[in-house]
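# Descriptive analysis of the structure
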Amino acid sequence: PALQNLPARPPAEEQGPEALHVVVGHSILIRLPARIKRILTGNPTVIESVMTSPYELVVTAKLTGGSSLLLWDETGQNRMMDVFADLDVGPLRTAFEQTYPNIGVDVQSQEGRVVVVGTVPSAAVADQMLKMAANFSKEVINGLQIAQPPRQKQVMLKVRFAEADRSKLTAFAINIFSTGATN
């Protein structure tokens, strides 16, 4: 599992809880400057917390969702965090890159949702990408846009029709319909 070092933060009364995002099946490492005295996990079905030393705590995401995590140290300071366990969309991102190279679609995860954002060349490509994303989550947020086809160059013609009466043209001795062979 991937570990991430998070710097210790002195508590501030005016700030809300920290927001941490962890991919399901992965872990983060939290270090405190003082010895950890007590831990409270709001939703133990989503995250699991294990002390690895008196100053370190490893938090592992088990299921998608959210949980609060409260830490108290020996000095009486506390630290509150909102931990969000997100889906691992790395394999979906790889599948998009292999199937549609150079399209530039981004895939993100928000807890149990998959968010697909970008511009695709056609509605058929968008539908296929959304079907692929549905294999990862029941809730797929579609942020795809269909690219406008390039405009075709057009030529504008101005056409005028003229009506001519043969009998009047013959009176003037003009034959504009002649091929020139009998003139």
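Structure: see above.
Note on placement: T99 falls in helix α1 (residues 90-99). The exposure class of T99 is partly exposed, given its relative accessible area of 44%. Taking the C-alpha atoms as reference points, T99 and M129, separated by 30 residues in sequence, lie 9.4 Å from one another. Reaching out from T99, the side chain makes a polar contact with the backbone oxygen of A95 at a distance of 2.8 Å.

As a further point, take the side chain of S137. Structurally, S137 is set in the loop between α2 (123-134) and β11 (139-146). A polar side-chain atom of S137 sits 3.0 Å from the main-chain amide nitrogen of E139. Setting aside its immediate chain neighbours within four residues, S137 contacts L87, G112, R113 and V114.

This part takes up the pairing of strand β8 (residues 78-86). The sheet contact formed by strand β2 (residues 18-23) and β8 spans six bridges and is parallel. Each residue of the ladder has a partner; that of H21, found in β8, is F84. Bridging between strand β7 (residues 65-73) and β8 involves eight bridges; their strand directions are antiparallel. Counterpart to G65 in the pairing with β8 is A85. Hairpin connection between β7 and β8: a loop of four residues separates the two successive antiparallel strands, and G76 in this loop has a positive phi of roughly 95°.

Looking now at the pattern of salt bridges. Here the structure, examined in full by the defined rule, presents three salt bridges. With its nearest N and O atoms 2.8 Å apart, the salt bridge here joins R79 to E18. In this pair, R79 sits in strand β8 while E18 sits in strand β2, placing the two residues 61 residues apart along the sequence. Between E56 and R31 there is a salt bridge, with the nearest N and O atoms lying 2.6 Å from each other. Of the two residues, E56 sits in strand β6 (residues 56-61) while R31 sits in strand β3 (residues 27-31), which places them 25 residues apart along the sequence. We classify E56 as buried; its relative accessible area is 18%.

Procedures and definitions
- Numbers given to residues run from 1 along each chain, matching the order in which its sequence is written.
- Residue-level local features of this predicted model are given only where pLDDT is at least 70; pairs of side-chain atoms are given and counted only at 80 or more, and the full residue set underlies all totals for whole chains, interfaces and linings.
- Side-chain measures were taken over the full set of non-hydrogen atoms in the model, leaving aside hydrogen atoms and water.
- Secondary structure elements are taken from DSSP: a helix is a run of H or I of four residues or more, a strand is a run of E of two residues or more, and numbering for both begins at the N terminus.
- Only protein chains enter the accessibility calculation, which uses a 1.4 Å probe; a residue whose area is less than 20% of its type maximum is buried, one above 50% is exposed, and one in between is partly exposed.
- Under the rule applied, a polar contact is a pair of N or O atoms within 3.5 Å (in protein, one hydrogen donor and one hydrogen acceptor; residues adjacent in sequence only if both atoms are side-chain atoms).
- Here a residue-residue contact requires only that any non-hydrogen atoms of the pair lie within 4.5 Å.
- Here, a strand pair is defined by DSSP locating no fewer than two bridges between the strands.
- Salt bridges are defined as contacts in which a side-chain nitrogen from Lys or Arg sits within 4 Å of a carboxyl oxygen from Asp or Glu.

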